[in-house]
Every structure is written in C-alpha cells, then in structure tokens.
Amino acid sequence: MFILKDWRLLSSIVLAHILLYITFSDRDIFWYIYTAANLFFISLAIMNEKIDDKQRTRSFIKYGLLSGLLLYGLFWIGHLLLPYLPFSWDRQVSKMYSWYSPQFIWHYIVLILIFIPGEELFWRGYVQKKLSHYFNDLTAILVTSALYASVFIYSDKWIWVIAAFIGGLYWGALYVWKRSIPMLIISHLVFTLLLIVILPLR
C-alpha cells in the first residue's frame, strides 16, 4: 500500500505514541510533557499540510459553538448511563477528573492555546487529511479516530480511549463536512471547557 511509503505520516504516529507514553508515565509531569507533545504536533502539522479554512469567520464560529454544545450534550447523556454499565466506568471518570483536571492558571492557558489546537491540527488537519489521500472519507475518519484514541491507552483509563474515539469520529465528520480547522478548534474548545471547567461530569 502507498501509505506504507509515507514515512513522515507513519513516523509521526509512532512519535505520538512515544510522547503520550511518556506523558502518562507520571501524573506529576502530565501537563509539562503533553504541552511539549502538542507543540510538536502543531509544528509537524503546519510544516506538512496547509491549514484548511474554507468557512467564513461567522460561519465557523457559529458551527463551532453549536457542535461543541451538541457533543457535550451527547456526553452528558452518556454520563447518565454510566452507573448502569459494567466495569465501573463512572469511577474511572472520577479518577480522570481528580488526576488530570487543570489546577493552575498556566494549565488553563496551555489547554486553550496549545492542547486543543494541537490535537485538531495534528489529528484532523494532518493525519486525517493525509489518510484521505489513500482512503475514502469514511475510512479516513474511522482510522484517524482509532489512531487518536489509541494514544490514550497509556492513561490506563478505557473510558478515555472510548471518549477519544467518539470525539474523533465527531470532529472527523465535521472536518469532512466543513473543511475548517478553526471551526474544529472552537468546537473542541467549547466541548472541553464545558466538560472540564464549567459543567464537569462528576
């Protein structure tokens, strides 16, 4: 397959796994290493792909806000169902909040300015865009979402892996629909602020 010859794409995915393995190896260094990882993701995406922005400012802001609210609503409904599911998913959610929630002002700054743009630029703006050259859009969305979720295996929280996969599917479909990375960043930002800061699900 031609994708196997795309050494930049393959090596970037391997590096993403290495960086996330280190990130989750010690909770005390999570915010430092994940910041560095996303700076790397941003640099890699910008150097290798043009940033898609095919929506007017008013349009990507509107769709970004609405889509972020919608995804939070879906997660809120899912959270209501957690106590009725096996494997103590709700306990995993509580641990994630207690271990990884932002505590200092600089945490909120890097979350907004580095984490969220880095994830969207890299996973949708670079990896999914590259994969769309080798596969149809649906396959590119599925593969990118699986890859995006796979780096969170090192958190030892399967609920995080599942959440990342669902988020990847959602933002991947939005990317195919609107071809606007700024819209995805706003959507991801609204979702994350609601989930972590404004209305946490715990």
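The structure under discussion appears in the preceding block.
Residues numbered from 1 in each chain as written. Predicted model: local features only at pLDDT ≥ 70, side-chain atom pairs only at ≥ 80, totals over all residues. Heavy atoms only, no water.

1. Here we look at the packing of helix 5 (residues 105-131) against helix 8 (residues 181-198)
It is at 9 Å that the axes of helix 5 and helix 8 come closest, and there the two elements cross at 135°. In terms of orientation, helix 5 lies oblique with respect to helix 8. As helix 5 runs across helix 8, the sense of the crossing is right-handed. Across the interface between the two elements, Tyr108, Leu111, Ile112, Ile116, Pro117, Glu119, Glu120, Leu121, Arg124 and Gly125 from helix 5 touch Ile181, Leu184, Ile185, His188, Leu189, Thr192, Leu193 and Val197 from helix 8. (Axes fitted to C-alpha atoms, helices over the stretch in contact; angles between N-to-C directions. Helix = DSSP H or I, 4+ residues; strand = E, 2+ residues; numbered from the N terminus. Parallel < 35°, antiparallel > 145°, perpendicular 65-115°, else oblique. Left-handed = near helix turned anticlockwise from the far one by under 90°. Contact = heavy atoms within 4.5 Å.)

2. Remarks on the nonpolar core
In terms of nonpolar packing, the biggest core is built from 55 residues, with Phe30, Phe115, Phe122, Val127, Phe152 and Trp171 touching the most fellow members. Elements with a minimum of two residues in this core: helix 1 (7-23), helix 2 (30-48), helix 3 (57-81), helix 4 (89-100), helix 5, helix 6 (137-150), helix 7 (158-178) and helix 8. Sort the elements by how many residues they give to this core and helix 5 lands first, with 10 residues. With residues up to four places along the chain from it excluded, the contact list for Val127 reads Leu9, Ile13, Phe122, Thr144 and Leu147. (Core = buried A, V, L, I, M, F, W, Y, C linked by side-chain atoms within 4.5 Å. Buried < 20%, exposed > 50% of the residue type's maximum accessible area, 1.4 Å probe, protein only.)

3. Description of the pattern of salt bridges
Note on pairing: side chains with opposite charge can pair once their charged atoms come close. Per the counting criterion, the structure on display carries 6 salt bridges. A salt bridge links Glu49 to Lys130; its shortest N-O distance comes to 3.9 Å. Of the two residues, Glu49 is situated in the loop between helix 2 and helix 3 and Lys130 in helix 5; the sequence distance between them amounts to 81 residues. The same class applies to Glu49 as to Lys130, namely buried. (Salt bridge = Lys/Arg side-chain N within 4 Å of Asp/Glu carboxyl O.)

4. Quick notes on a nonpolar patch on the surface
Nonpolar side chains collect at one region of the surface, where Trp76, Ile77, Leu80, Leu81, Tyr84 and Leu85 lie side by side and expose about 660 Å² of accessible area between them. With respect to the element layout, Leu85 can be found in the loop between helix 3 and helix 4. (Patch = residues over 30% accessible without salt bridge, like charges linked within 9 Å, V, L, I, M, F, W, Y side chains within 5 Å. Areas by Shrake-Rupley, 256 points an atom, 1.4 Å probe, with all protein chains shown as cover.)

5. A few points about the packing of aromatic side chains
Tallied over the full model, the rule gives 25 aromatic pairs. Consider the rings of Tyr21 and Tyr154, whose centres lie 5.6 Å apart with planes at 85°: the pair is edge-to-face. Here the residue Tyr21 occupies a position in helix 1, and Tyr154 occupies one in the loop between helix 6 and helix 7, the gap between them amounting to 133 residues. By relative accessible area, which is 52% here, Tyr21 ends up exposed. Residue classification places Tyr154 among the partly exposed residues on the basis of a relative accessible area of 28%. (Phe/Tyr/Trp six-rings, centres within 6.5 Å; stacked < 30°, edge-to-face > 60°.)

6. With respect to helix 2
Look at helix 2: 27 Å from first C-alpha to last across 19 residues, which is about the 27 Å you get at 1.5 Å a residue. For helix 2, the set of buried residues is Phe30, Trp31, Tyr34, Thr35, Ala37, Asn38, Phe41, Ile42, Leu44 and Ala45. (Expected span 1.5 Å × (residues − 1).)

7. Things to note about the packing of helix 4 against helix 7
Two elements in contact, helix 4 and helix 7, have axes separated by 8 Å at closest approach and are oriented at 90°. Classified by the interaxial angle, the pair formed by helix 4 and helix 7 is roughly perpendicular. Taking contact as the criterion, the partners of Trp89, Gln92, Val93, Met96 and Tyr100 in helix 4 are, on helix 7, Trp158, Ile159, Trp160 and Ile162. Its residues assigned to classes, the contact of helix 4 with helix 7 comprises 8 nonpolar, 1 polar and no charged. (Nonpolar A, V, L, I, M, F, W, Y, C, P; charged D, E, K, R; others polar.)

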